[in-house]
Amino acid sequence: MQISYDIIVVGGGHAGCEAAAVAANLGSKVLLISMDLTKLAQMSCNPAIGGIGKGQIVREIDALGGYTAKVTDLTTIHFRMLNQSKGPAMWSPRSQCDRMLFSLEWRKFLEGIPNLSLWQDDVIDVLLDESSNTIKGVVTKNGITFQTKSVILTNGTFLNGLIHIGKHHIEGGRIGESNSVGLTERLDQLGIKSGRMKTGTPVRVDGRTVDFSKMIVQESDPFGSFSFDPSFKSQLPVQHCYIVHTDPIVHDVLREGFSDSPLFTGRIKGVGPRYCPSIEDKVHTFAGKDSHQLFLEPEGIYTYEMYLNGFSSSLPWNIQFKAMRLIPGFENANILRPGYAIEYDYFSPTQLKPTLESKLVPNLFFAGQVNGTTGYEEAAGQGMVAGINAHNSLVGKEPFILNRDQAYIGVMIDDLITKGVDEPYRVFTSRAEFRILIRQDNADERLVPIGHSLGLISDEQFKQFETKYRAITSIYNYIQTTSISPSAVNQYLEEHNSSPLGQKKKLIDVIIRPEISLPDIQDSLGLLKVKEQYNREILEAVEIRIKYQGYIDKEKLIADKISRLEHVPIPPLFDFNSLESLSTEARQKLTKHKPLSIGMAKRIPGISPSDINVLLVFFGR
């Protein structure tokens, strides 16, 4: 009996779940194959979603019709809006989630999608049609062949995964779980280049044995939302996080294990994440620093297991334990498992098209950590793009590509395919040159119309979106045209250290002041007399439009100029060596990366402005 699917997704992590869900919702018959179906979208490291740059991606996924934001909102136990002391382009939501409930809610969503089937197994081979070099199936470790037209690989850290704890190393994709062997070797045969990377995770602590009185309590903000759909709200009790610090005595104990550290002895060959280093790496690199900040975070409401954020390590377990017990509050603490490092295979993302399809094998897509990224959010965003494009490719629709001025997802994928990676890639607001345009608050304004046109946002959801932005426009117009007298507002202004009015002024002249908050002044004075219902989210959107419109307009102008280069195409099989006016380095790098537009070529490291001018002249501009 032959079992056939339109698309097979390999790996049930955050990339795999989003890819499978979106492809099935678009109408493809999808099979999601995972090595353990009880751990779909497992939060293998920190049980948190969001953060700087990452929170923006999650809101973008939601605006396109994905699920990560909804699952996050349902399982939130602690919420913070980061960077609120800075401008709105930097604001980034972050939620601590219940790790076990997060995976459970994801499975409930997946099981509710009619076109999506699940299978527990390990894929060890992909089958190609020899005549067309296109995908025709996969083979599993259990000897089962599934026929398919398209494959999305989202294997996470499981490909030839190797776990390190001091001198001890074991094969595995996560601690206690087997790795996946055979697929990398098969892809190498197809000419797809692979490499090794490394990541790590800290000890898990028994919360019953911790003295919280010696720690700084980090309270939750009122629960915010990642999803633009207000029906997804956490009903779980709020949990505190805690801040602690290491000291020189802790560092001295950690140094006792350096001689057995696989990181320093060379046993770890893969490159680790620059922005999430292990505690021993921090102590070694910043030898003059006497203290490092750590966060103790809950893993859920039904468990005493806690996560010591910032204490990731591959040192011998006894060194980890001894050092941890010297941190105030942990004197009598026990652990459930030690920290460890894990090496795994990845594939250079410069071998991919902007759709995340392989340049070498049609209808073979890659998403998540196999592309050299780190983080649940980055993986989920890639999964969305790969899933949409796998479906579109099969039904003959246009490729789905987000530009750098449209979404952080677009920034990430463009970085990956044009620059490649030499260390695990993570998103930051600093990577986005148009971050004023792609804020977390306007992800729906940017992407809900696209999600609706794809068929992933329902007509009812789209009507709610239109109602929201009609209200924003109405309030904005009201503030522009309505005046306010000094007697109505001066007391409030003086209480907020703002200059009182000497005569009637337009409301916009008051709201534009940096020390004045539109939601707060509305709560105090009730200035807005408009028909539409409004909430704090709508008022904040209006305030951002008022205070930052000049910056937004300027950035749009720059983005429009740069986007013209994106529309100057380069043929996929163009011979760059035929252009002798290009520098030797440019010919080599352009031949390697095969950019599909002048804009993509411009972002390849080593391509100079004079090289771009040569290309512009040749292609008729």
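The structure displayed is predicted, hence computed values, not measured ones.

Please clarify how the sheet that holds strand β10 (residues 162-165) should be interpreted in this entry.
The pairing of strands in a sheet comes from backbone hydrogen bonds and takes either a parallel or an antiparallel form. One open sheet holds the 4 strands; their spatial order is β11-β10-β19-β12, and the pairing between them is antiparallel. Bordering the open sheet on either side are β11 (168-171) and β12 (194-201), each of which pairs with just one other strand. Looking at each pair of strands side by side, their axes are set apart by 25° on average, direction ignored.

Looking at this model, I keep getting lost on helix α11 (residues 408-419). Mind explaining?
Since the α-helix turns once every 3.6 residues, residues separated by three or four places project in the same direction. With 12 residues, α11 extends 16 Å between its outermost C-alpha atoms, agreeing within 8% with the 16 Å of an ideal straight helix rising 1.5 Å per residue. The element α11 is extensively covered by neighbouring structure, given that 11 of its 12 residues are classed as buried. Turning to α11, its buried residues number three or more, namely Tyr 408, Ile 409, Gly 410, Val 411, Met 412, Ile 413, Asp 414, Asp 415, Leu 416, Ile 417 and Thr 418. Those residues of α11 hidden inside the fold are in contact with α2 (54-63), α10 (376-395), α18 (584-593) and α19 (598-602). Where α11 ends, the next residue or the one after it, Gly 420, has phi of about 70°, a positive value.

Explanation requested: empty space enclosed by the protein in the structure shown.
Empty space among the atoms can be located by rolling a probe the size of a water molecule over them. Overall, the coordinates contain 1 cavity of 30 Å³ or more when judged by the stated rule. Considered class by class, the residues forming the lining of the largest cavity number 4 nonpolar, 3 polar and no charged.

Where do I start with the packing of α2 against α10 in this structure?
A packed helix pair is summarised by two numbers, namely the angle formed by the two axes and the spacing between the axes. In the contact formed by α2 and α10, the axes pass within 9 Å of each other and the chain directions differ by 30°. The angle between the axes of α2 and α10 places the two elements in the roughly parallel class. Crossing of α2 over α10 shows left-handed handedness. Residues Lys 54, Ile 57, Val 58 and Ile 61 of α2 form the contact with α10, whose own contacting residues are Glu 377, Glu 378, Ala 380, Gly 381 and Met 384. When grouped by side-chain class, the residues that make up the contact of α2 with α10 number 5 nonpolar, 1 polar and 3 charged.

Help me out: how do you make sense of the pattern of salt bridges in this one?
Close approach of charged atoms allows side chains of opposite charge to pair. The tally for this structure, following the rule as stated, stands at 37 salt bridges. Between Lys 149 and Asp 6 there is a salt bridge, and its shortest N-O distance comes to 3.4 Å. Taken together, the positions of Lys 149 in strand β9 (residues 145-153) and Asp 6 in strand β1 (residues 3-10) put the pair 143 residues apart, joining distant regions of the chain. Note that Arg 404 and Glu 433 form a salt bridge whose closest N and O atoms lie 2.8 Å from each other. Of this pair, Arg 404 sits in the loop between α10 and α11 while Glu 433 sits in the loop between α11 and α12 (443-454); the two residues are 29 residues apart in sequence, bridging distant segments of the chain. What emerges from the salt-bridge pattern is a single network uniting Arg 404, Asp 414, Asp 415, Lys 419, Glu 433 and Arg 603.

Would you take a moment to explain the nonpolar core for this structure?
Leu 187, Leu 364, Phe 366, Ile 409, Ile 479 and Ile 521 are the most contacted members of the largest nonpolar core, which has 134 residues in total. The contacts of Leu 364, once residues within four sequence positions are left out, are Ile 135, Val 151, Leu 153, Leu 187, Ile 192, Leu 356, Glu 357 and Ser 358. With 24 residues, the next largest nonpolar core counts Val 253, Leu 254, Phe 258 and Ala 323 among its residues.

Honestly, the sheet that holds strand β3 (residues 48-50) in this entry has me stumped. Any pointers?
Sheet architecture is open: 3 strands sit in the order β3-β5-β4, paired in antiparallel fashion. In this open sheet, the two strands that pair with only one neighbour each are β3 and β4 (76-82). When strand polarity is set aside, the average angle formed by the axes of neighbouring strands in this sheet is 15°. In the sheet, β4 pairs with strand β5 (residues 92-97) via 6 bridges, with the strands oriented antiparallel. Bridge assignment links Thr 76 to a residue of β5, and that residue is Cys 97. Strands in contact with helix α3 (residues 68-75) are β3, β4 and β5; relative to β4, the strand with the most contacts, it is inclined by about 115°.

Criteria and thresholds
Residues numbered from 1 in each chain as written. Predicted model: local features only at pLDDT ≥ 70, side-chain atom pairs only at ≥ 80, totals over all residues. Heavy atoms only, no water. Pairing = 2+ DSSP bridges. Helix = DSSP H or I, 4+ residues; strand = E, 2+ residues; numbered from the N terminus. Axes fitted to C-alpha atoms, helices over the stretch in contact; angles between N-to-C directions. Expected span 1.5 Å × (residues − 1). Buried < 20%, exposed > 50% of the residue type's maximum accessible area, 1.4 Å probe, protein only. Contact = heavy atoms within 4.5 Å. 1 Å grid on protein atoms, 1.4 Å probe; cavity = no way out; pocket = protein on both sides within 12 Å on 5 of 7 lines; lining within 4 Å. Points joined across faces, edges and corners; volume = space filled by probe spheres on them. Nonpolar A, V, L, I, M, F, W, Y, C, P; charged D, E, K, R; others polar. Parallel < 35°, antiparallel > 145°, perpendicular 65-115°, else oblique. Left-handed = near helix turned anticlockwise from the far one by under 90°. Salt bridge = Lys/Arg side-chain N within 4 Å of Asp/Glu carboxyl O. Core = buried A, V, L, I, M, F, W, Y, C linked by side-chain atoms within 4.5 Å.

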